[in-house]
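So the chains spell out like this:
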Amino acid sequence: MKQQFLAYQVNKTENTFEAGLKQITPSDLPKGDVTIAVQYSSVNYKDGLASIPDGKIVSSYPFIPGVDLAGEVVDSDDSRFAVGDVVLCIGYGLGVSHYGGYAEYASVPSEWVLPLPQGLSAFEAMAIGTAGFTAAQSIHSLLYHGLAPDQGPVLVTGSTGGVGSMAVSILSKLGFEVVASTGKLEASDKLKALGASTVISREEASQAKRGVLSKEHWAAVVDPVGGAATGEIVKSIKYGGAIALSGLTGGGKIETSVYPYILRGVSLLGIDSVYCPAPLRSELWSKLGDEWKPESALEQLISTTTLHDLPSVLDMILKGQMLGRYVVKCSSEE
């Protein structure tokens, strides 16, 4: 392990805020049972929020963001993980209350760590990352609720974003008719290459509808956006359908009535990938390396960046300009 290494660090005092690359030492890392040489991380909306002074993600400074990481174990106090094992870590407090993946090394609690699933490289695991895992968890919840391909179209909101693009890819692979909603209609061809049957504007998906219900249309909805649009979309879900809600980029409030839920039996399924129970977490990652592997997304909508170029990508995700997923190369080794 290097005695000095690079990290993207944010620091806030009463009067200043700084964000950029710093040289830190192993003693700067928090206590953890497993130390990992980070090969890759990724860029998520939470990471963008952690990079600004008023993002309300980070509670103590200095701090290293990055809610995802994958790499090689260099030290372990847990017999389940040996030096040289390739592992991944997402969720829990990583990049929120515990130093995250935007560094060449990370030290984390062993219960947060998973062996790299068969069928995935470290790069692919981070291309999927928290966003793809959230998409998989959303789809798992809808399937558990009873969703099947013959029930009709599934709407995916925010479909050019990380969760949305992964959801389109996985759902189409599982045989569903996918309608992708986006604010970037210029990306329609790419969304169809992911597997979307139809691409519509976000305005069309969330158009205000008179009354408490509208014509039944969606068998289910994967919604990583939230906000006012969700309240309108719910009105069009078919009897017994469900909406899997995982995000708030569209806002933290939903204006809705009880009628879709009590007259059509619609279910609102909350998706939390941060504290997803370990058995389900392991099961879903195994599927993501096998029958749910989002090949079309991995081929079409993955970009790469480095710790040096990370600030511009974080700014991009905060401005809603990101298309697909960005993988961050954290190692300085060629």
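So, how was this worked out
- Residues numbered from 1 in each chain as written.
- Predicted model: local features only at pLDDT ≥ 70, side-chain atom pairs only at ≥ 80, totals over all residues.
- Heavy atoms only, no water.
- Axes fitted to C-alpha atoms, helices over the stretch in contact; angles between N-to-C directions.
- Helix = DSSP H or I, 4+ residues; strand = E, 2+ residues; numbered from the N terminus.
- Parallel < 35°, antiparallel > 145°, perpendicular 65-115°, else oblique.
- Left-handed = near helix turned anticlockwise from the far one by under 90°.
- Contact = heavy atoms within 4.5 Å.
- Nonpolar A, V, L, I, M, F, W, Y, C, P; charged D, E, K, R; others polar.
- Pairing = 2+ DSSP bridges.
- Buried < 20%, exposed > 50% of the residue type's maximum accessible area, 1.4 Å probe, protein only.
- UniProt positions renumbered as here; feature names shortened; annotations may be inferred.
- 1 Å grid on protein atoms, 1.4 Å probe; cavity = no way out; pocket = protein on both sides within 12 Å on 5 of 7 lines; lining within 4 Å.
- Points joined across faces, edges and corners; volume = space filled by probe spheres on them.
- Expected span 1.5 Å × (residues − 1).

Going by an unreviewed UniProt entry, the protein carries the name YhdH/YhfP family quinone oxidoreductase and comes from Paenibacillus turicensis.

A. Layout of the packing of helix 2 (residues 122–145) against helix 8 (residues 278–288). It is the contact of helix 2 with helix 8, at a shortest axis distance of 10 Å, that shows an interaxial angle of 115°. The angle between helix 2 and helix 8 places the two elements in the roughly perpendicular class. In terms of crossing hand, the pair formed by helix 2 and helix 8 is right-handed. Touching Ala125, Ile128, Gly129, Gly132, Phe133, Ala136, Gln137 and His140 of helix 2 are Leu280, Arg281, Glu283, Leu284, Trp285 and Leu288, all from helix 8. In the contact of helix 2 with helix 8, the residues fall into eight nonpolar, four polar and two charged.

B. The arrangement of the pairing of strand 2 (residues 17–24) in detail. Two strands pair when backbone bridges link them, and strand 1 (residues 5–12) and strand 2 are joined in this way by eight bridges, in the antiparallel orientation. Residue Leu6 lies in a different strand from strand 2, and its bridge partner there is Gln23. Adjacent in sequence and paired antiparallel, strand 1 and strand 2 are bridged by four residues.

C. Just the side chain of Thr130, in detail. Of note, Thr130 is situated in helix 2. A relative accessible area of 14% means that Thr130 is categorised as buried. Contacts of Thr130, omitting those with residues within four sequence positions, involve Asn44, Val67, Asp68, Ile90, Ser273 and Arg325.

D. Representation of the UniProt feature "domain: Enoyl reductase (ER)" (unreviewed entry) in the protein within the structure. The residues that UniProt annotates with the feature "domain: Enoyl reductase (ER)" (unreviewed entry) are residues 20–328. Regarding residues 20–328, the helix share stands at 29% and the strand share at 24%, and the terminal C-alpha atoms are separated by 15 Å.

E. Highlighting the layout of surface pockets. The computed volume of the second largest pocket comes to approximately 240 Å³. Lining the second largest pocket we find Glu177, Val179, Thr198, Ile200, Glu204, Ala205, Lys209, Ser214, Lys215, His217, Trp218 and Ser236. Every element with two or more residues in the lining of the second largest pocket is listed here: strand 10 (198–201) and helix 5 (202–205). A class-by-class count of the residues in the lining of the second largest pocket yields four nonpolar, four polar and four charged.

F. Representation of the sheet that holds strand 11 (residues 218–223). Taken together, six strands build an open sheet; the order of strands is 10-9-8-11-12-13 and the sheet is parallel. What marks the edges here is a single partner per strand, and that holds for strand 10 and strand 13 (267–270). Neighbour to neighbour, the strand axes of the sheet diverge by 20° on average, direction disregarded. The sheet contact formed by strand 12 (residues 237–245) and strand 13 spans four bridges and is parallel. Paired with Ala244 across the strands is Leu269, a residue of strand 13. In the packing of helix 2 onto the sheet, the strands contacted are strand 11, strand 12 and strand 13, and the crossing angle to strand 12 comes to about 155°. Here helix 3 (residues 162–173) sits on the sheet and contacts strand 8 (154–156), strand 9 (178–182) and strand 11; the angle it forms with strand 8, its principal contact strand, is near 155°.

G. Fine view of helix 3. For helix 3, which comprises twelve residues, the first-to-last C-alpha distance of 17 Å matches the rise-based estimate of 16 Å (1.5 Å per residue) to within 8%. Of all the residues in helix 3, the buried ones are Gly162, Val163, Gly164, Ser165, Met166, Ala167, Val168, Ser169, Ile170 and Leu171.

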